[in-house]
Structure formats: structure tokens, C-alpha cells
Amino acid sequence: MVKKKEEQIPKYIIIDHEADIGLEIYGKNLEELFINAAEGLFHLIIEGDDIRPEKGKRIKIEKDGELLVNFLNELLYLWDTEGFIPKEFSIKIEDETVKGSVIGGLFDPNRFKVKQEIKAVTYHSFSLTEEKGTFKARIILDV
Amino acid sequence: MEDKEIHLKKLDDNRYIVKRHGNMNVDGIIYLNEELLHVLGTDESIKQVENVACLPGIVGASMAMPDIHWGYGFPIGGVAAFDMEMGVVSPGGVGYDINCGVRLLRSDLRFEEIREKVKELIGNLYINIPSGVGSHRKDLKLTRDELKKVLKKGARWAVEHGFGDQQDLEYIEDNGQIIGADPDCVSDKAYERGKDQLGTVGSGNHFVEIGYIKEVYDPDTADRFGIFKDQITVMIHTGSRGLGYQICDDFIREMLKASEKYGINLPDRQLCCAPIDSPEGKRYLFAMASAANYAFANRQLITHWVRETLERTLKVGSKKLGLSIVYDVCHNIAKIERHKVVEKGKIKEIEVCVHRKGATRAYPPESEVLPDRYRKTGQPVLIPGDMGRASYIMCGTKKAMEETFGSTCHGAGRVMSRNQAIKASKGRSISKEMEDKGIYVRAASKSTLVEEMPDAYKDVSKVVQVVHNAGISRLVAKIIPLGCIKG
């Protein structure tokens with residue numbers, strides 16, 4: 001397991017499994033949890049952190065199944081069609097909708113290495129809970 | 001684990017049964033021997049076989065092949081058939097990579113003739129066929145209208161545009177075109193993802209591999225398949241790329257709502273589904289067929305570039321090369337097929353929707369859907385192994401029709417997680433190890449190479465032995481890899 005620590009609570013932990021990969025994600029609020037999930041997802045996809053603020057995207061995703069799964073699959077879509085790598089989010093989650101914007105860079109083979117293809121974020125064993133002010137989610141990815 | 005110990009019982013040397021209990025509508029049958037059961041360890045896949053057995057309208061048994069491993073919702077290696085009136089269709093029972101499949105090309109070349117050229121061939125295949133994450137083709141960007149034609153016509157579209165010839169279509173499951181595809185059921189996002197990924201291999205376990213026939217087990221059948229010892233073969237393993245992933249994601253959202261609407265109790269949300277006959281079920285099948293056709297066209301285009309690369313590199317004409325398709329099989333698909341089922345003690349032949357998620361169709365001799373050449377032998381079944389050991393050519397059997405809705409295994413199945421593989425490869429050069437074995441690998445990403453190293457997989461030879469011994473397919477020949485390109 002690979003751990004990334006920020007103070008006491010890690011941003012995310014990679015769940016390692018024979019066929020697929022998952023993430024256990026933490027956040028002090030839903031917004032932070034969503035941003036940490038995006039960071040975890042792209043940590044699995046690419047190597048290299050020189051993400052330049054090249055492009056801005058407006059985000060409005062409504063809940064259709066699970067909001068976190070919808071949000072991450074939207075980021076996978078932008079990655080697959082444009083090579084977009086998110087860097088800075090400014091998002092608000094209200095009424096089961098994520099709204100806001102994200103600034104990010106575009107994939108450049110000179111600055112990044114692709115680690116693996118993530119086909120999708122699945123609903124298998126999905127969970128999102130809150131305990132003592134900490135939000136925790138679990139997602140399984142299809143690779 | 002507890003469930004597994006309580007309910008899993010040995011049926012014979014090659015099969016285990018999970019007796020119907022709890023909410024299961026049918027038994028679970030898993031094709032496994034003791035050795036492979038041991039490899040399965042604490043894997044949750046047995047529980048997933050049970051979960052599938054709980055879905056409405058399932059007929060026969062919830063089955064899994066010996067390459068079974070933990071999936072999401074359905075297990076990988078799973079086979080489940082559903083009654084057309086009472087049953088359901090589930091996008092999770094097909095998977096994200098719709099019509100991921102394998103195509104095998106045979107040649108008139110012998111290993112000796114190209115021994116010194118393998119490295120160059122692999123290098124040129126790597127240049128001519130885009131592979132890797134998000135691989136795109138700069139020379140083939142399709143308009144929406146053209147893409148719609150691909151989704152409707154499948155491999156036929158490719159042949160009509162000069163990629164291959166008419167005869168190729170005969171040797172593809174469903175002739176490379178699933179009838180009933182409706183491109184209007186495909187979302188804008190799926191089109192966007194699909195527009196420049198046609199003709200690309202993708203990443204992960206997908207590949208184009210040059211190999212040779214090391215051993216022939218059944219000379220008569222091999223002869224009908226056009227296979228002989230020391231013959232050079234090319235295997236292509238890829239699917240419907242981002243277009244398929246998007247369609248699956250789109251419909252899982254829709255099916256989550258549909259499951260609620262139709263009051264279907266889901267043991268796992270990834271099993272979400274809708275009645276086959278419902279508007280949601282039909283739309284999924286129309287969209288899935290569209291993605292399946294995209295995948296057939298994808299493998300057809302890659303076949304064209306494989307032919308071109310071999311002709312140019314070896315400086316021989318297409319006739320001398322003789323690169324023709326042995327067969328092309330889907331291993332992630334749902335299909336409407338006719339099968340015999342036992343109902344109230346009587347055998348009846350009915351139409352069912354067979355889900356094969358990491359399983360291959362294995363039709364027997366005399367099947368009407370097979371080309372004349374294979375009517376006497378049964379369908380060629382193609383089982384790829386890992387990049388370092390072997391792949392197998394098998395043949396469909398009558399017993400598969402009787403026991404498994406005409407299905408068998410699809411590959412090796414992982415034993416190591418990706419991180420375990422990375423750890424196990426520390427201080428090693430996988431590409432050097434492969435080269436020492438005489439296998440040249442070009443991979444777009446170094447991590448793919450590590451994650452895909454042979455030790456990360458079960459030995460495919462043990463998997464095919466189980467289906468052979470169980471009689472649901474027969475061994476015909478063994479292929480040894482010489483080199484491959486990977487994502």
C-alpha cells in the first residue's frame with residue numbers, strides 16, 4: 001500500500017487487488033474528499049507533477065448514480081479525449097451537484113509518463129461515509 | 001471465505017458447485033481443479049458467482065471458468081444466461097471493454113524463415129500500430145456520420161474501405177457485425193472518445209503478438225484450421241477502447257435507475273440490470289452491439305496494418321505471406337442465442353441472453369453459424385496467455401453446448417496485483433529477461449511491462465487443461481510467443 005500523508009489523515013490510500021485497483025479517500029469535507037480522489041486517480045494514471053495551468057474547465061455534474069463516481073468518470077473522459085490533467089479545483093457541492101471550475105495542464109510526453117489506463121470508476125463496493133467530521137470514500141477502478 | 005468453505009463442494013475433478021442457498025435462484029458451477037482452487041485463495045470471486053445467481057430470470061447455473069478471478073459485480077470468467085421474458089441484461093455482466101476479444105492470423109511462414117527478423121518486425125509493428133493509454137490515430141479521425149457506419153457495420157465497414165478482404169469476414173464471430181446495433185443509442189461522449197481511437201491497441205493486457213506453433217495436439221482439426229507445426233502466427237487482443245468504456249458507464253447509470261424502477265434486488269450495485277424486454281434493456285443491447293461492432297472494426301484495421309508491416313519488413317507479397325484469419329472471438333459480450341435448458345424436468349430449446357464476461361464462445365461441430373470450413377471441427381477458440389509463456393488454440397465441443405451455454409475460458413487470469421508485480425520486479429529488467437528467452441517486447445509504458453510480466457499471471461496451460469479435461473473445449477495447438485507490442 002502506498003500512503004500519502006497530510007497531517008494525520010492521509011489524502012488517499014491505494015487499495016491493491018489482483019485484478020483491479022481501488023482508492024480509499026479521506027477529506028475534512030466533501031469538497032476536499034472529491035479533490036483528493038481526483039489527485040489519487042491521476043496519481044495512478046501518470047507520473048510527473050509538472051502540471052502547468054494551461055486550460056480551465058467549468059464543471060457542473062449532477063448526481064446520476066453516485067456523485068463521486070460521476071465526477072471522477074467525467075475527469076477520465078476529459079483525460080481520454082483531451083489529455084487534460086487537473087491541477088487546481090475550485091468546487092462547491094450542493095444539492096447533489098458539483099459546481100465550479102478546474103484548472104489543469106495538457107499531457108506532454110516530455111514531462112509525463114503514463115503509468116496505466118483506467119477504464120472507469122465502478123460502483124462495485126462503493127461507499128462514502130462520515131465519521132467524527134472526516135469523510136471517507138472507497139472506490140474500485142477498472143484497469 | 002466462510003461462505004466459500006461452507007457452500008463450495010467438489011462435483012468432480014474439474015468442477016465445483018455452490019449449492020443454491022439464500023437468495024440464489026440457481027446453483028453456481030465453477031470449472032476448477034484443486035490446484036487452481038488453491039491459487040484462488042481468499043479471492044471473493046466465488047461470492048460473485050453466488051451474487052449473479054440471485055439475478056432474476058437466470059437459467060441453468062451461474063457459471064465461471066477456471067480463469068475466474070475477482071471482478072466488479074460479475075466475476076471475470078463468468079457465464080450467465082437469462083430467460084428472454086423473465087430475465088435481465090446487465091452492462092456489468094459484459095464489462096467496460098465491450099467485445100474485448102482475440103483474433104488469430106495464420107501465415108505460410110515458418111519460424112526458421114523469420115527467426116532473425118522478429119526484432120525488426122516488432123519494432124515496425126510498434127511504429128505502425130498505435131498502442132498505449134489513450135492511443136490515437138492521427139491519420140484516421142472519423143466524422144460522426146462515418147463513425148455511425150462503423151457502429152452499424154463493424155468489420156464490414158473496414159473491408160469496404162480497403163482494410164482487408166471479403167473473405168476475412170467469414171472467419172469472425174457473427175461475421176464481424178452484430179445485427180441490431182443502433183448508433184442512435186450511443187451517447188455524444190462515447191462518440192467523442194471513439195472518433196480517433198479506431199485502429200489502436202490500447203493499454204493494459206492488450207497486445208499484438210507474433211508467435212509460432214510449438215505443438216499440435218489434434219492434427220486433423222489443426223489441418224482444418226490451417227495450422228501446422230512451426231508456423232508463424234499473429235495474435236491481436238483488443239476491444240472497443242474508450243467508446244466501449246463510455247457506453248458501459250452511461251448504461252450502468254441508467255440501469256441503477258432501472259433496477260429500482262423494476263424492483264430488482266441487487267446484491268452489488270455493479271450488477272445493476274433491466275429486464276431484457278424493457279426499453280432500457282433493449283437500448284443497452286443496441287448500444288452494446290454498436291460497441292461490439294466498433295471492436296470488430298478495430299481488430300480488422302489492426303489486421304490490415306499487421307499485413308502491411310509484415311509485407312514491407314519481409315519484402316514479400318501478400319500471397320506468399322498468406323496472412324489469413326483463423327478466427328476472431330469476443331470474450332466480453334452478451335448475446336441472444338438458442339440453448340437447451342431443463343424446465344420442470346423437461347429439456348426445452350429456448351432463446352436466452354448469454355453474458356460472457358471473460359469467457360469465450362465455444363460452439364460445437366455442425367453449428368449453423370460457423371463457416372463451412374469449421375462445420376466438422378467446431379469453432380476455433382483462442383486463449384491468450386501471458387507474454388512469456390504460451391497461448392492456445394482450442395476447439396468448441398458438444399459438451400460446452402450442453403453444460404456451459406457453449407462457453408469456455410478466455411485467458412490466464414492474474415495472480416499478482418499490480419503493486420505486487422511492481423515489487424516482485426524490483427531490480428529486474430523484464431524486457432531483458434524476456435529477450436533472454438528470445439521474446440522481444442515493445443511497450444509504450446515501462447509500468448505496463450512490469451505489471452504484465454509472466455509471473456503476474458496464472459499459468460494458462462493449467463487453465464486450458466481444466467476446460468479440456470472437463471470437455472467444454474478441446475486442445476488443438478500451442479503457440480509460443482516470439483515478440484509483442486503492448487500498451
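Each remark here, short or long, concerns the structure printed above.
Residues numbered from 1 in each chain as written. Chains lettered and ligands numbered in written order. Predicted model: local features only at pLDDT ≥ 70, side-chain atom pairs only at ≥ 80, totals over all residues.

A. Broad picture of the overall build of chain A. Along the backbone of chain A there are 2 helices and 11 strands. Reading the helices (α) and strands (β) of chain A from amino to carboxyl end gives β-β-β-α-β-β-α-β-β-β-β-β-β. Against the 2.2 N^0.38 benchmark of 15 Å for 143 residues, chain A shows a C-alpha radius of gyration of 14 Å, consistent with a compact globule. Projected onto the principal axes, the alpha-carbon positions of chain A cover approximately 45 × 35 × 30 Å. Taken across its 143 residues, chain A has 42% of its residues classed as buried. Considering only residue pairs separated by 6 or more positions, chain A has 61% of its internal contacts joining residues 24 or more positions apart. (Helix = DSSP H or I, 4+ residues; strand = E, 2+ residues; numbered from the N terminus. Rg over C-alpha atoms; globule rule 2.2 N^0.38 Å. Buried ≥ 20, exposed ≤ 12 C-beta atoms within 10 Å, placed from the backbone. Contact = placed C-beta atoms within 7 Å.)

B. Inspection of the interface of chain B and chain A at higher detail. In this complex, chain B contributes 38 residues to the contact, which on the side of chain A involves 27 residues. Only helix 9 (188–194), helix 11 (241–261), helix 15 (418–424) and helix 17 (446–451) of chain B provide two or more residues apiece to the side of chain B that touches chain A. Across the side of chain B that touches chain A, the residue classes tally to 11 nonpolar, 16 polar and 11 charged. (Nonpolar A, V, L, I, M, F, W, Y, C, P; charged D, E, K, R; others polar.)

C. Main features of the pairing of strand 4 (residues 58–69) of chain B. Residues and elements named next belong to chain B. Strand 4 sits mainly inside the fold: 12 of its 12 residues count as buried. Bridge count for strand 3 (residues 28–31) against strand 4 is 3 bridges, and the pairing is parallel. When the sheet's bridge partners are listed, G28 is paired in strand 4 with S62. The pairing of strand 4 with strand 5 (residues 76–83) spans 5 bridges and is antiparallel. Across the sheet, residue H69 finds its bridge partner in strand 5, namely I76. Counting the residues that bridge the hairpin from strand 4 to strand 5 gives 6 residues, and of these G73 lies at a positive phi of roughly 80 degrees. (Pairing = 2+ DSSP bridges.)

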